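Chains, contacts and geometry: an overview
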Amino acid sequence: QVQLVESGGGLVQAGGSLRLSCAASGSIFSINVMGWYRQAPGKQRELVAGITGGGRTNYADAVKGRFTISRDNAKRTVYLQMNSLRPEDTAVYYCTGNIRDTRRSDYWGQGTQVPVFS
């Protein structure tokens, strides 16, 4: 059974930094795109950043220049380095991955809270 487990969230002051990690485990044959989404209270879930298996990245306009997504394919882990955090970055952050075990499916982590206070 494939699982994605996030870590690294927590309370942070505006202007500070956090690094989120998400590790995939289980009977995995391959991992394609991985990414991070977030959902703020009362809002829809939105894409934060994505990264292909080859390292191509894309970002939401709101985080460009402040957040960096990366991955370690050997460790089956994706990271989100978040700098210059703002109160509007407050959300639950979810990891996602397009993963093939017996078939290719999209998997989600359980989410990690990132409250940013001013």
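Scroll up a little and you will see the structure.
Let me begin by describing the structure that accompanies this report. Numbering of residues begins from 1 in every chain and follows the order in which that chain's sequence is written. Totals for whole chains, interfaces and linings use every residue, but because this is a predicted model, local features are given only for residues with pLDDT of at least 70 and side-chain atom pairs only at 80 or more, for both listing and counting. To obtain the side-chain values, all non-hydrogen atoms of the structure were included, while hydrogens and water were left out.

The secondary structure listing takes helices from DSSP runs of H or I that are at least 4 residues long and strands from runs of E that are at least 2 residues long, numbered from the N terminus. The helix and strand inventory of the protein chain stands at zero helices and twelve strands. The N-to-C order of helical and strand elements in the protein chain reads β-β-β-β-β-β-β-β-β-β-β-β. Relative to the globule expectation of 13 Å for 118 residues, the C-alpha radius of gyration of the protein chain, 14 Å, shows essentially globular dimensions. Only protein chains enter the area calculation, which uses a 1.4 Å probe; residues under 20% of their type maximum are buried, those over 50% are exposed, and those in between are partly exposed. Sorting the 118 residues of the protein chain into buried and exposed places 42% on the buried side. Residues are treated as being in contact if the distance between any of their heavy atoms lies within 4.5 Å. In the protein chain, the share of contacts with a sequence separation of at least 24, taken over all contacts with a separation of at least 6, comes to 55%. A 1.4 Å probe and the Shrake-Rupley method give the accessible areas. Residues count as covered only by the protein chains that appear here. Accessible area of the protein chain: about 6400 Å², with a carbon and sulfur share of 45%. In this tally Asp and Glu are treated as negative and Lys and Arg as positive; neither His nor the chain ends contributes. Here the site of a charge means atom NZ of a Lys, CZ of an Arg, CG of an Asp or CD of a Glu. Charged side chains of the protein chain number 14 positive and 8 negative; the gap between the two group centres comes to 5 Å. Here the globule rule reads 2.2 Å times residues to the power 0.38, and the radius of gyration is calculated from C-alpha atoms.

We call Phe, Tyr and Trp rings a pair once their centres come within 6.5 Å, taking the six-membered ring for Trp, and we label the pair stacked below 30 degrees between planes, edge-to-face above 60, and tilted otherwise. The full count for this structure, using the stated rule, is one aromatic pair. Over the ring of tyrosine 79 we find arginine 19, and its NZ or CZ is 4.0 Å from the ring centre. Working rule: Lys NZ or Arg CZ, within 6 Å of ring centre, within 35 degrees of ring normal, means a charge sits over the ring.

Here the phi dihedral of arginine 76 falls at roughly 55°; this positive angle occurs in a residue that is not glycine. Positionally, arginine 76 belongs in the loop between β7 (67-72) and β8 (77-82). Even without a glycine there, the phi angle at serine 84 is positive, about 50°. Tracing the backbone through its elements, the reader meets serine 84 in the loop between β8 and β9 (91-100). The partly exposed category is assigned to serine 84, whose relative accessible area is 40%.

Take the pairing of strand β5 (residues 46-51) next. Across a regular strand the side chains alternate sides, sitting on one face of the sheet and then on the other. Of the strand pairs in this sheet, strand β4 (residues 30-39) and β5 are connected by five bridges, and their pairing is antiparallel. Each residue of the ladder has a partner; that of glycine 35, found in β5, is glycine 50. Taking the residues between adjacent antiparallel strands as the criterion, β4 and β5 are bridged by six residues, where glycine 42 takes a positive phi near 75°. Both β5 and strand β6 (residues 57-59) contribute to a ladder of three bridges, which runs antiparallel. In the strand pairing of β6, glycine 50 is matched with asparagine 58. We treat two strands as partners when DSSP finds at least two bridges between them.

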